[in-house]
Amino acid sequence: MSCNSEKTEGEVKVPNETLIVSSKGKLFNFNLETKQLTWEYVSKEDTLMNRNRFSYDEKSIYLPFESGRFISAQIVSGKINWNHNYKDAPDQAVAATVAEDGSIVTENSGSDFGPIFMSKPLLYNNNVYIASAGRPGVFTSQFYVINAKNGSSSSTSENSTNYNYYQPVENSDNIYLNSAVYLDLHYKEGTFASNGMYEGAAFENPLYTQMQTSKKYLFVGDDYGVFHALAVDKKGLAKGGDITNPKNNFIDRKDIFEWTYQSEKYPGLGDDQTSLTNDLFIVCKKSEDESKMALIALDAQSGKEKWLFEPQDIIKNWQVVNQNEVVGYTKSKIFVVDLKGKTTLEIPIDTSLYPVSNIELNAKKQLLYMTGKGIVSIDRTSKKAELLINHTFYPSSIPLNQIKYFSK
């Protein structure tokens, strides 16, 4: 099994150790050997906020912005392959009124006019797949299929709701999207398809976590911390039934789920991130009183708990790095956990160098992350944090920053 969150078409080749940084409408390339900024891209409409994460293939970064802008930039040179602003796309409906002089006045224009990108794109089959978020009564949520090479849109179609905040996933040439309480299925060409359930079939609670997929299953979770596995095949859901039968839905048909998981000790949803790697589906949960959080690794086949990482604190950020370690931090410490659940490193956080991004590992397995002062490295042996590159990154109360390390 493997996670689709970084589905690339080949190995990234860079002439030097490289760190790509996305922060508040800006994209940076830092040379970690010379400790210099190689290139920078700025989306002026997004410098106050951009919560989207980028994806990449062997040559390029693909980064959407909340303003409706979407770019593809070459990793090494920073050359922009394509740069589109979908804000004024003709397929977006806008509310309008007629003024006394007969002129048409749009009620939502400028920076308020959609679409709004709020998710990470999926790269598959030389295409980029992404859903925009809609605004009720103003413009609808769209599902985009974009040619990765030239940026041309080959297809758009509406999603079930306006609330689309997560990366689509691909299985058997089908593209799945969790649109609030609905599980949308699109063919790889972008057209809407039946997933094998009744047309109005909805989950009991919104699917506000990142979906994952293996060859056989979809893994979804709701905002009450309940996770499910659904069998899939080429036609969609393998256990789908009569699409005209109202009883063929996700609430009445408990048999549609291969397994369902909820933790008694940590019943709440810790965050909306998930990971699928080495037959483990890893989720973040929190205690009922919200004072503690845990990373829980489930057997992807059975949904049974394999191990728990319980830091007795609030987890601020985590991810699986290089498919073999979970790296993250709580309010007070940085941690590394292997995929057997063993804690291999715990370091108190230097408050003057507090992380404001995810944590990456370089070729020497040193830890790299962003702080407000620049790029920080931590040596595992000495456990000492060092400001590697001086660069001011402005802090924010919302997690806005993403980094990605590439070795030469």
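Just so it is clear, the structure is predicted and the values come from calculations on it, not from any experiment. (Residues numbered from 1 in each chain as written. Predicted model: local features only at pLDDT ≥ 70, side-chain atom pairs only at ≥ 80, totals over all residues. Heavy atoms only, no water.)

S.K.: So what exactly am I meant to see when it comes to the overall build of the protein here?
M.R.: Helix and strand content of the protein: zero helices and 36 strands. Looking at the protein residue by residue over its 408 residues, the buried ones come to 54%. Pairs at least 24 apart in sequence give 49% of the contacts found in the protein among residues at least 6 apart. Accessible surface, the protein as shown: approximately 18000 Å² in total, 47% of it carbon and sulfur. (Helix = DSSP H or I, 4+ residues; strand = E, 2+ residues; numbered from the N terminus. Buried < 20%, exposed > 50% of the residue type's maximum accessible area, 1.4 Å probe, protein only. Contact = heavy atoms within 4.5 Å. Areas by Shrake-Rupley, 256 points an atom, 1.4 Å probe, with all protein chains shown as cover.)

S.K.: Honestly, the nonpolar core in this entry has me stumped. Any pointers?
M.R.: As a rule of thumb, soluble globular proteins bury nonpolar side chains together. Counting 18 residues, the largest nonpolar core has Tyr176, Leu183, Phe203, Leu218, Leu230, Leu237 and Phe250 as its most contacted members. Elements supplying a minimum of two residues to this core: strand S17 (182–187), strand S20 (217–221) and strand S21 (227–233). Dropping the residues within four chain positions of it, Leu218 is found in contact with Val169, Tyr176, Leu183, Met211, Gln212, Thr213, His228, Ala229, Leu230, Val232 and Leu237. (Core = buried A, V, L, I, M, F, W, Y, C linked by side-chain atoms within 4.5 Å.)

S.K.: Teacher, can you tell me more about the packing of aromatic side chains here?
M.R.: We describe a pair of aromatic rings using the distance from one ring centre to the other and the angle between the two ring planes. Taken as a whole and judged by the stated rule, the model has 21 aromatic pairs. Between the aromatic rings of Phe28 and Phe30, the centroid separation amounts to 5.8 Å while the plane-to-plane angle is 20°, which identifies the pairing as stacked. Its relative accessible area of 2% is what places Phe28 among the buried residues. The buried category is assigned to Phe30, whose relative accessible area is 1%. Taken together, the aromatic side chains of Tyr62, Phe70, Trp82, Tyr86, Phe117 and Tyr144 make up a single cluster linked through ring pairs. (Phe/Tyr/Trp six-rings, centres within 6.5 Å; stacked < 30°, edge-to-face > 60°.)

S.K.: Whenever I open this one, the sheet that holds strand S7 (residues 80–85) confuses me. Can you help?
M.R.: Whether parallel or antiparallel, the strands of a sheet pair through hydrogen bonds between backbone atoms. Pairing within the open sheet is antiparallel, and its four strands lie in the order S4-S5-S6-S7. Looking at which strands have only one partner, the edges of the open sheet turn out to be strand S4 (55–56) and S7. Here strand S5 (residues 60–64) pairs with strand S6 (residues 69–74) via five bridges, running antiparallel. Across the sheet, residue Ser60 finds its bridge partner in S6, namely Gln74. (Pairing = 2+ DSSP bridges.)

S.K.: I tried to follow the pattern of salt bridges on my own but got confused; where do I start?
M.R.: Close approach of charged atoms allows side chains with opposite charge to pair. Tallied over the entire structure, the rule returns 13 salt bridges. Close ionic contact of Arg69 with Glu45 constitutes a salt bridge, the shortest N to O distance being 2.7 Å. Here Arg69, found in strand S6, pairs with Glu45, found in the loop between strand S3 (36–42) and S4; they are 24 residues apart in sequence, far enough to count as distant. The class of Arg69 is buried, set by a relative accessible area of 14%. Judged by its relative accessible area of 38%, Glu45 falls in the partly exposed class. (Salt bridge = Lys/Arg side-chain N within 4 Å of Asp/Glu carboxyl O.)

S.K.: Could you clarify how one ought to interpret the side chain of Gln142 in this entry?
M.R.: Within the secondary structure, Gln142 is located in strand S13 (residues 142–147). Within the structure, Gln142 has its side chain in polar contact with the side chain of Thr140 (distance 2.8 Å). (Polar contact = N/O pair within 3.5 Å; in protein donor to acceptor, adjacent residues only side chain to side chain.)

S.K.: Where do I start with unusual backbone geometry in this structure?
M.R.: For residues other than glycine, phi is negative in most cases, and the peptide bonds are mostly trans. We note that Lys35 has phi near 60°; this positive angle belongs to a residue other than glycine. Residue classification places Lys35 among the partly exposed positions, given a relative accessible area of 37%. Of note in the backbone geometry, Asp279 takes a positive phi value of approximately 65° without being a glycine. Structurally, Asp279 is set in the loop between strand S24 (268–277) and strand S25 (280–286).

S.K.: Which parts of the structure should I look at to understand the pairing of S5?
M.R.: Across a regular strand the side chains alternate sides, sitting on one face of the sheet and then on the other. Across the five residues of S5, five count as buried, placing the element largely inside the fold. Here S5 shows a buried face lined by Ser60, Tyr62 and Pro64 and a second buried face lined by Ile61 and Leu63. Bridge count between S4 and S5: two bridges; the pairing is antiparallel. If you follow Ser55 over to S5, its bridge partner there is Tyr62. Linking two consecutive strands that pair antiparallel, namely S5 and S6, is a turn of four residues; a positive phi of about 105° is found at Gly68 within it.

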